[in-house]
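Descriptive structure summary
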Amino acid sequence: EAGVTQFPSHSVIEKGQTVTLRCDPISGHDNLYWYRRVMGKEIKFLLHFVKESKQDESGMPNNRFLAERTGGTYSTLKVQPAELEDSGVYFCASSQQAGGPGNEQYFGPGTRLTVT
Amino acid sequence: GDSVTQMEGPVTLSEEAFLTINCTYTATGYPSLFWYVQYPGEGLQLLLKATKADDKGSNKGFEATYRKETTSFHLEKGSVQVSDSAVYFCALRRTGNQFYFGTGTSLTVIP
């Protein structure tokens, strides 16, 4: 079974540009999460999708970040315009359920975003 | 609010040395506690977990005990191997499904 995949693995962009990160969850997982690790700091929750709906977006830092999950399959996270402080590693995770026995989150390898 | 504080790294050990990575947490209620590991070039993998006080999680020779009285979940391994070199993250999860992670501790094991 394929795990969570993320694309690209690394992106280098200039301040003010736009970047779109993609996450493909494990097939059949309705729950999809985005997290971010800014250099040297903790991994922070950004948001949680259940199918195509945003269940919790309390961690989104500001309106320069837009997450979508059209059709409830893969998700994209767009940063527009990018700022220097957006640099970090963006992780995606998926789970079958949000609670109960099937709620283990499986993480992707992350996308390393560098804004120069 | 909820938070996790873990030992800062990097940590460098010789093969077969004893490992402890400290983790303490702040949370209301009764969170579940986790250790995740990230090997080079890979995603986060669940290493072990404990869902209630005094539970011990264990996997691949690693252990951690949920200590409510000290709000701790320290990771230990009796004899580390080169293949254990990775970044280790302590995390908690309360109701809902949001994780709170620590800053990560990088471990390098040298032969």
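Note: the structure precedes this text.
The notes below deal with the structure included here. (Residues numbered from 1 in each chain as written. Chains lettered and ligands numbered in written order. Predicted model: local features only at pLDDT ≥ 70, side-chain atom pairs only at ≥ 80, totals over all residues. Heavy atoms only, no water.)

Applying the stated rule across the entire model yields 14 aromatic pairs over all chains. Between Y35 of chain A and F45 of chain A, the ring centres sit 5.9 Å apart and the planes meet at 75°, which makes this aromatic pair edge-to-face. Here Y35 of chain A is found in strand β4 (residues 31-37), whereas its partner F45 of chain A is found in strand β5 (residues 43-50), with 10 residues between them in sequence. With relative accessibility at 0%, the residue Y35 of chain A sits in the buried group. Taken together, a centroid distance of 6.0 Å and an interplanar angle of 85° make the contact between F107 of chain A and F101 of chain B edge-to-face. Highlighted residues: F107 of chain A in strand β10 (residues 106-107) and F101 of chain B in strand β11 (residues 99-101), drawn from two different chains. Considered together, F107 of chain A and F101 of chain B belong to a single accessibility category, that of buried residues. Through successive ring pairs, a cluster of aromatic residues spans Y35, F45 and F107 of chain A together with F34, Y36, F89, F99 and F101 of chain B. The ring of Y74 of chain A is capped by R22 of chain A, whose NZ or CZ atom sits 3.8 Å from the centre of that ring. (Phe/Tyr/Trp six-rings, centres within 6.5 Å; stacked < 30°, edge-to-face > 60°. Helix = DSSP H or I, 4+ residues; strand = E, 2+ residues; numbered from the N terminus. Buried < 20%, exposed > 50% of the residue type's maximum accessible area, 1.4 Å probe, protein only. Lys NZ or Arg CZ within 6 Å of the ring centre and 35° of its normal.)

Note on interface size: it is often stated as the accessible area lost on association of the parts. Each side of the interface is counted separately: chain A has 20 residues, and chain B has 16 residues. Together chain A and chain B conceal approximately 1,400 Å² of surface at their shared face, both sides included; 52% is due to carbon and sulfur atoms. Linking chain A with chain B are zero salt bridges. Our enumeration of links across chain A and chain B arrives at one residue pair in polar contact (both at pLDDT 80 or more). (Contact = heavy atoms within 4.5 Å. Buried area = accessible area lost by both parts, 1.4 Å probe. Salt bridge = Lys/Arg side-chain N within 4 Å of Asp/Glu carboxyl O. Polar contact = N/O pair within 3.5 Å; in protein donor to acceptor, adjacent residues only side chain to side chain.)

Another aspect to go through is the sheet that holds strand β3 (residues 19-21) of chain B. Residues and elements named next belong to chain B. The strand order across the open sheet formed by four strands is β3-β9-β8-β7, and the pairing between neighbours is antiparallel. Pairing within the sheet leaves two strands with one partner each, and these edge strands are β3 and β7 (56-59). Here the strands of the sheet are splayed against their neighbours by 15° on average, with no regard to which way each runs. Looking at chain direction, β3 and strand β9 (residues 75-77) are connected through three bridges and run antiparallel. Note that in β9 the partner of L19 across the bridge is K77. (Pairing = 2+ DSSP bridges. Axes fitted to C-alpha atoms, helices over the stretch in contact; angles between N-to-C directions.)

With that out of the way, let us pick up the sheet that holds strand β7 (residues 65-68) of chain A. Residues and elements named next belong to chain A. If you walk across this open sheet you meet the four strands as β1-β3-β8-β7, and the pairing is antiparallel. Of all the strands in the sheet, just β1 (5-7) and β7 have a single pairing partner and so form its edges. Within the sheet, the average angular offset between the axes of one strand and its neighbour, ignoring direction, is 15°. The sheet contact formed by β1 and strand β3 (residues 19-24) spans three bridges and is antiparallel. For Q6, the partnering residue across the bridge sits in β3 and is C23.

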